[in-house]
Each structure stands twice: as structure tokens, then as C-alpha cells.
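Per-entry structural report
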Amino acid sequence: MTTSENSSVLDPLLYPWDPPEASGVMDGDGFLPLELAAGLDQALAEADAAPLGSRSLVVSIGSNSSADVMRRKFANYHRPVSNVLPLVRGQLHNIAVGHSAHVSRAGYIAAAPYPLMGECTPVWVSWLDERQLMALDETEPNYRRIQLDGGACPLAVGHGEPAEDFSLFTSRWGVLSDGDGGKLPFLDQPALFALLAGIAAGDSVEDGESVFDGPPEQVIEQLGLPSVQAWAKDWFSVAGLATPVHFDGFCAE
């Protein structure tokens, strides 16, 4: 997802930035790997944080898997937010990940999930307390958070039993496709820019080619301009590259 508040700190070309090296608990500026803790509940108790049972399980797609990103999101909320957050590896079934059909305020094109039967996607999952969840929701104006059914979309979490239900952020603008019905895979930003430049050139869309064709540093600089962001979102739609995503009747509760 997006994280505009740390655009001045994290290089947008490196989106989605690095997740933890192992499952564990974020605690302030540190991160305690799970194998060094007796368990999530004990780690939370020792940090004087809300217990696991009172937290909301959220599948982290894109930059929300990065502890650095989550720290900055919490720090920018208008009320104090705990920096204690479990982040654990998982496997999510029947969901794939591509790119949202919009450009973030920092200039990168963020990740977005979509239903795909038979797909198994490595993910990170987090358990957020009430205020952490409010802070996270506030940073995602281009997404909506939906509840998914663990029966239809099984989520295997590294520390225990499969989750019965959980939430996931899905793009309000759909996901990027190749214009012929095929959804674009999740790529690093330079590779995505090159792919979009090729699609623009193939369709003879001069504006699209001029924006995405060039050194990645130049592309990201252009995409950081609000006027170009607005143009790109419109172009994705007009060029048939924005594919709506519907979870209703699939995994959504």
C-alpha cells in the first residue's frame, strides 16, 4: 500500500522496502524475532501492550510489511500510538498481488491484491490494536479495508492455526492490466515502468510513453508531481489498463 508520509525518508524507487528478516514483534525502534521470544502473547505482555486476542488480524500487502513504514505511519497519527506490533510470515490462498491503478503521492505505483483461484501468495500478517488500526486506515485513502473469510481464502499463519477471518486492503481504483485482460504481476518499480512504457508505445499513446519511458529516477520524479499523478490515473482508465476488482461473493464476508 501507500505511505506518503515517509516519501522524504524512503526512496520511492525501492518500494515496497524491506520486510523483517523473520517473524517477530516490532517494539519501538527494535524488532524481536519470534524464535527469540517465548511467543507472541508473552512478547506483548512483556512490552505492556494489548494482548493478541484483543487485536485485529490484517494481511499486509506492499509497504505495510515494512516495520520502518509502520513506525512512520504510527508516528504521524494525531494521537499517541503504540509501536509494539507483531509481524509474522503467512501464506494466503486464492489471492494474487499486482499493482493499484493509481500513483501514490510519493510517485510509486503501489501493490494491490485481487482474487485468483488456486494462487498461493507469501504475505506478512500483523495484529493491530484499536488505535493502530485507526492510524493505518487513515494512511490508506486509495484503499478500502475489507473482511475476508478464511474458509474461502485460507490464511496460514506461521505461529499457529489457520485464521478464520481477517482483513485486507483492496484498491479503490482496481489493478493494472495489460489492456487485454491479463493483470500485471507485482514488479519492482523500474521493471514496472519499463513494462508500462512498452504498453504505451505499443498503443501509440505519446503521453504515456513520455512519462514511463526513461531512466527510473526520471520517471519517479515525474510521477511525484500531482498533475502527472492525476493524468496517470486517467490514462490507466482510458487506455483500458485499470481492471476493477470484486471480492464480493468470493472471499469477502
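Each remark here, short or long, concerns the structure printed above.
Residues numbered from 1 in each chain as written. Predicted model: local features only at pLDDT ≥ 70, side-chain atom pairs only at ≥ 80, totals over all residues. Heavy atoms only, no water.

Details of the overall build of the chain
Using the following cut-off: Under the DSSP-based scheme used, a helix requires at least four consecutive residues in state H or I and a strand at least two consecutive residues in state E, with every element numbered from the N terminus. Burial status follows relative accessibility: with a 1.4 Å probe on protein chains alone, a residue under 20% of its type maximum counts as buried, one over 50% as exposed, and anything between as partly exposed. We call two residues in contact whenever any of their non-hydrogen atoms come within 4.5 Å of each other. Here the accessible surface of atoms and residues is derived via Shrake-Rupley with a 1.4 Å probe, and residues count as covered only by protein chains that are part of the display.
Helix and strand counts for the chain stand at seven helices and 10 strands. Counting all 253 residues of the chain, 50% fall into the buried class. A separation threshold of at least 6 residues defines the contact pool for the chain, and within that pool the share at least 24 residues apart is 74%. For the chain, the accessible area works out to roughly 11,200 Å², and carbon and sulfur atoms hold 49% of it.

Points about the packing of aromatic side chains
For the record, the criterion: Pairing of aromatic rings covers Phe, Tyr and Trp, the last through its six-membered ring, and needs centres within 6.5 Å; plane angles under 30 degrees mean stacked, over 60 mean edge-to-face, and all others mean tilted.
By the definition in use, this model includes 10 aromatic pairs. Between the aromatic rings of Tyr 15 and Trp 17, the centroid separation amounts to 5.5 Å while the plane-to-plane angle is 80°, which identifies the pairing as edge-to-face. One exposure class covers both Tyr 15 and Trp 17, and it is buried. Measuring from ring centre to ring centre gives 5.5 Å for Trp 17 and Tyr 108, while their planes differ by 90°; the resulting arrangement is edge-to-face. Of this pair, Trp 17 sits in the segment before β1 (24–27) while Tyr 108 sits in the loop between β4 (84–99) and β5 (111–128); the two residues are 91 residues apart in sequence, bridging distant segments of the chain.

Digging into the pattern of salt bridges
A side chain of one charge can pair with a side chain of the opposite charge when the charged atoms of the two come close. Threshold: For salt bridges, the criterion is a side-chain nitrogen of Lys or Arg within 4 Å of an Asp or Glu carboxyl oxygen.
Evaluated as defined, the whole model comprises three salt bridges. Among the ionic pairs, Glu 140 bridges to Lys 73, the shortest N-O distance being 2.9 Å. Highlighted residues: Glu 140 in the loop between α3 (130–138) and β6 (143–149) and Lys 73 in helix α2 (residues 67–75), separated in sequence by 67 residues. There is no split in this pair, since Glu 140 and Lys 73 are both buried. Among the ionic pairs, Arg 145 bridges to Asp 137, the shortest N-O distance being 2.8 Å. Owing to a relative accessible area of 30%, Asp 137 belongs among the partly exposed residues under this scheme.

Focus: the side chain of Thr 243
Here is the rule: Between N or O atoms, a polar contact is any pair within 3.5 Å; within protein, one atom must be a potential hydrogen donor and the other a potential acceptor, and residues adjacent in sequence are included only when both atoms are from side chains.
You can see Thr 243 is positioned in strand β10 (residues 242–243). Of the polar contacts made by the side chain of Thr 243, one reaches the side chain of Ser 177; its length is 3.2 Å. For Thr 243, the contacting residues outside a window of four places in its chain are Gly 174, Val 175, Ser 177 and Lys 183.

Topic: the pairing of β1
Applicable threshold: Following DSSP output, two strands are said to pair if at least two bridges run between them.
Of the strand pairs in this sheet, β1 and strand β2 (residues 30–33) are connected by four bridges, and their pairing is antiparallel. Bridge assignment links Asp 27 to a residue of β2, and that residue is Gly 30. Taking the residues between adjacent antiparallel strands as the criterion, β1 and β2 are bridged by two residues, where Gly 28 takes a positive phi near 65°. Where β1 and β4 come together, four bridges link them in antiparallel fashion. Residue Met 26 lies in a different strand from β4, and its bridge partner there is Leu 85.

Notes on α3
Which entries qualify depends on this criterion: Directions are taken from the helix axis to each C-beta atom, and the arc is the one they span.
What α3 keeps buried is the set Gln 132, Leu 133, Ala 135 and Leu 136. Buried residues of α3, viewed axially, fall in a sector of 160°; they line one side. Of the surrounding secondary structure, the elements contacted by the buried residues of α3 are β3 (56–60), α2, β4, β5, β6 and β8 (165–171). With a side-chain oxygen positioned 3.2 Å from the backbone nitrogen of Arg 131, the residue opening α3 is Asp 129.

Description of unusual backbone geometry
Trans is the common state for peptide bonds, and a negative phi is the common state for residues other than glycine. Residue Tyr 15 is joined to Pro 16 through a cis peptide bond whose omega torsion reads 10°. Here Pro 16 lies in the segment before β1. Of note in this structure, Trp 17 is not a glycine but carries a positive phi near 65°. Judged by relative accessible area, which is 13%, Trp 17 ranks as buried.

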